[in-house]
Amino acid sequence: MNQQNKLSLESYKGTRDFYPEDQFVQNYIFGVWRKVAEKYGYLEYNASILEEAALYKAKSGEEIVNEQTYTFIDRGGREVTIRPEMTPTVARMVAQKRKELAFPLRWFSIPNLFRYERPQRGRLREHWQLNVDMFGVESIGADLEIVSVAYDIMKAFGAKDESFAIKINSRKFLNFLMDTFLRLNGQQAHQISKLLDRMHKISGEDFIAQAKEILGDDSKVEALATITRIKNLDELPEEVKAHESVAELKSFLARMETLGIKNAIFDVSLVRGFDYYTGIVFEVNDTSPANPRALFGGGRYDDLVGIFGVEKVPGIGFGMGDVTIRDFLETYSLLPSYESIVDLYICKFDESFAGFASQLASDLRKEGINAAVDLTDKKVSAQVKTADRQKIPFVLVVGEEETKSNKFKLKNLSESKEIEVSREDLAKTIKSLES
Ligand code: HAM
């Protein structure tokens, strides 16, 4: 092969290779996610990465569908999309089996998702996302539980309350603001939602200038600006405060506080990109500027199952990405250090001990030890070095003396310590030294 068409060593742009040490971190993150979701009684489900493109066109949101999906025509002429999110899929699954499923459902999943984005910190083209969703409950108790799961996941990772903030808003409230309070037409409402979404990324003057361009009317710009300045729901103008969505938001925030969640705040600029949200929306952010992306977000979507032409099933949930949570855990030094899953590396003095070494490994595996045998003809010192480089905690060498006495010098590589252990005590000793 000449230089020109040499195959690239890089993974496809915006995707990651998981070498064992990366996979270790990934498994840790997935483990915490799964443990907390299961503690709350959520059941795991899964689906294919391929869906008909029409699924996303129906209700996801223009940016994701027009600019971010990987869509292709299959050999049968069907338009297919590689899933950019899991919510439409889970809604489809719920709609399909709605007659058999025992509601309310508490479901979770950890799918890999693909979005054609410009790769940058916290944003890649492939990420894994914990999805925790509940179906069949309209009351606010479901919203509270979903946010509690999210909060408990952060605590299970060791995060402190002051390291993250839970921003809360409500689509009902935003709709009321746009339609009734500001009396905007559909296009203006859409543009103002996008502007609110960008609010913290632009200056106050730019916000006003852009709002003027969209609304034209100075009094509406002023009314909007007043609302965006408030930090607390009690500061809202009287006619806004009277709306039922404000009472709902207030009671939601108060009940979170009684659950011990004190880092939740109302944020009028929180819109969230998807068209399907209908009620409470929330997003969790790192409070450190080093990691500005949302760690996760979600909300209530009571009309999504209905798009399949079946009776309405209310839904609420969130998605938490592995890229952003990993950045967060790194920022706060909360990631565990790598540990090999191999407990013991068995080296041999020479090839004549191969049979003994493999029998010993096989016996130890039955006793619950993950044992690997060196199969090379390298010198003993090089074999031990392999174990060390692979961060395997224990090694022993099989030679003449060991086969005769059935006693082994068990070496703890991290401490450079060696102890003599009889065959019967090997597994027990390794386990007790590891714990
Ligand atoms: P989303 O806000 O698009 O929501 O994504 C949720 C989280 O996934 C984000 O906060 C971020 O952590 C992560 N994420 C999204 N895109 C990327 C990317 N390109 N690279 C890295 N991480 C990313 C949803 O997807 C909703 N379907 C969540 C949901 C579930 N709502 C209700 N249930």
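Residues numbered from 1 in each chain as written. Predicted model: local features only at pLDDT ≥ 70, side-chain atom pairs only at ≥ 80, totals over all residues. Heavy atoms only, no water.

Caption draft 1: Just helix H16 (residues 426-434), in detail. All of the buried residues along H16 are Leu426, Ala427, Thr429 and Ile430. The buried residues of H16 all sit within an arc of 165° when viewed along its axis, so they share a single face. Packed against the buried residues of H16 are strand E13 (344-348), helix H13 (354-366), strand E15 (394-398), strand E16 (407-412) and strand E17 (417-422). (Buried < 20%, exposed > 50% of the residue type's maximum accessible area, 1.4 Å probe, protein only. Helix = DSSP H or I, 4+ residues; strand = E, 2+ residues; numbered from the N terminus. Arc of directions from axis to C-beta. Contact = heavy atoms within 4.5 Å.)

Caption draft 2: Structural detail: helix H5 (residues 140-156). Taking 1.5 Å per residue, 17 residues should reach 24 Å; H5 reaches 24 Å between its end C-alpha atoms and fits that length. With 13 of 17 residues buried, H5 lies mostly within the body of the structure. Where H5 terminates, the next one or two residues include glycine 158, which has phi positive at roughly 95°. (Expected span 1.5 Å × (residues − 1).)

Caption draft 3: How the structure looks around the packing of aromatic side chains. Applying the stated criterion to the full structure yields 18 aromatic pairs. Aromatic pair phenylalanine 282 and phenylalanine 318: ring centres 6.2 Å apart, planes at 70°, arrangement edge-to-face. Of this pair, phenylalanine 282 sits in strand E10 (residues 280-286) while phenylalanine 318 sits in strand E12 (residues 315-321), and the two are 36 residues apart along the sequence. As far as burial versus exposure is concerned, phenylalanine 282 and phenylalanine 318 are alike and both buried. Ring-pair connections join several aromatic residues into one group, and the members of that group are Phe135, Phe274, Tyr276, Tyr277 and Tyr301. Positioned above the aromatic ring of tyrosine 116, the side-chain terminus of arginine 125 is 4.0 Å from the ring centre. (Phe/Tyr/Trp six-rings, centres within 6.5 Å; stacked < 30°, edge-to-face > 60°. Lys NZ or Arg CZ within 6 Å of the ring centre and 35° of its normal.)

Caption draft 4: Broad picture of the site of the ligand. Taken together, 27 residues sit near the ligand, with Glu85, Thr87, Glu117, Leu124 and Tyr277 positioned nearest. Here a nitrogen atom of the ligand and a backbone polar atom of phenylalanine 318 are 3.4 Å apart. With the chains in place, 97% of the 650 Å² that the ligand exposes on its own is no longer accessible. Breaking the shell around the ligand down by element, the ones donating at least two residues are strand E7 (126-135), strand E11 (294-300), E12 and helix H12 (322-331). The element that contributes the greatest number of residues to the shell around the ligand is E11, accounting for five residues. Residue classes in the shell around the ligand are distributed as ten nonpolar, eleven polar and six charged. (Near = heavy atom within 4 Å. Polar contact = N/O pair within 3.5 Å; in protein donor to acceptor, adjacent residues only side chain to side chain. Areas by Shrake-Rupley, 256 points an atom, 1.4 Å probe, with all protein chains shown as cover. Nonpolar A, V, L, I, M, F, W, Y, C, P; charged D, E, K, R; others polar.)

Caption draft 5: Inspection of the sheet that holds strand E3 (residues 70-73) at higher detail. Taking strand neighbours across the sheet as the criterion, the three strands line up as E2-E4-E3 in an open arrangement whose pairing is antiparallel. Edge strands, defined here as strands with exactly one partner in the open sheet, are strand E2 (50-52) and E3. Direction aside, the axes of adjacent strands within the sheet are offset by 35° on average. Here three bridges tie E2 to strand E4 (residues 79-82), and the two strands are oriented antiparallel to one another. Each bridged residue has a counterpart across the sheet, and for glutamate 51 the counterpart in E4 is threonine 81. (Pairing = 2+ DSSP bridges. Axes fitted to C-alpha atoms, helices over the stretch in contact; angles between N-to-C directions.)

Caption draft 6: Spotlight on a nonpolar patch on the surface. On the surface, Ile49, Leu50 and Phe72 cluster together into a nonpolar patch covering about 230 Å² of accessible area. You can call isoleucine 49 partly exposed: its relative accessible area is 32%. (Patch = residues over 30% accessible without salt bridge, like charges linked within 9 Å, V, L, I, M, F, W, Y side chains within 5 Å. Salt bridge = Lys/Arg side-chain N within 4 Å of Asp/Glu carboxyl O.)

Caption draft 7: Examining the pattern of salt bridges more closely. Across all of its chains, the model carries 29 salt bridges by this definition. Where glutamate 311 meets arginine 98, a salt bridge forms, and the shortest distance between an N and an O atom there is 3.1 Å. Of this pair, glutamate 311 sits in the loop between E11 and E12 while arginine 98 sits in the loop between helix H4 (87-96) and strand E5 (105-109), and the two are 213 residues apart along the sequence. On the basis of relative accessibility, which here comes to 21%, the residue arginine 98 falls in the partly exposed class. Between arginine 423 and glutamate 367 there is a salt bridge, and its shortest N-O distance comes to 2.7 Å. Taken as a pair, arginine 423 in the loop between E17 and H16 and glutamate 367 in the loop between H13 and strand E14 (371-373) lie far apart in primary sequence, 56 residues in all.

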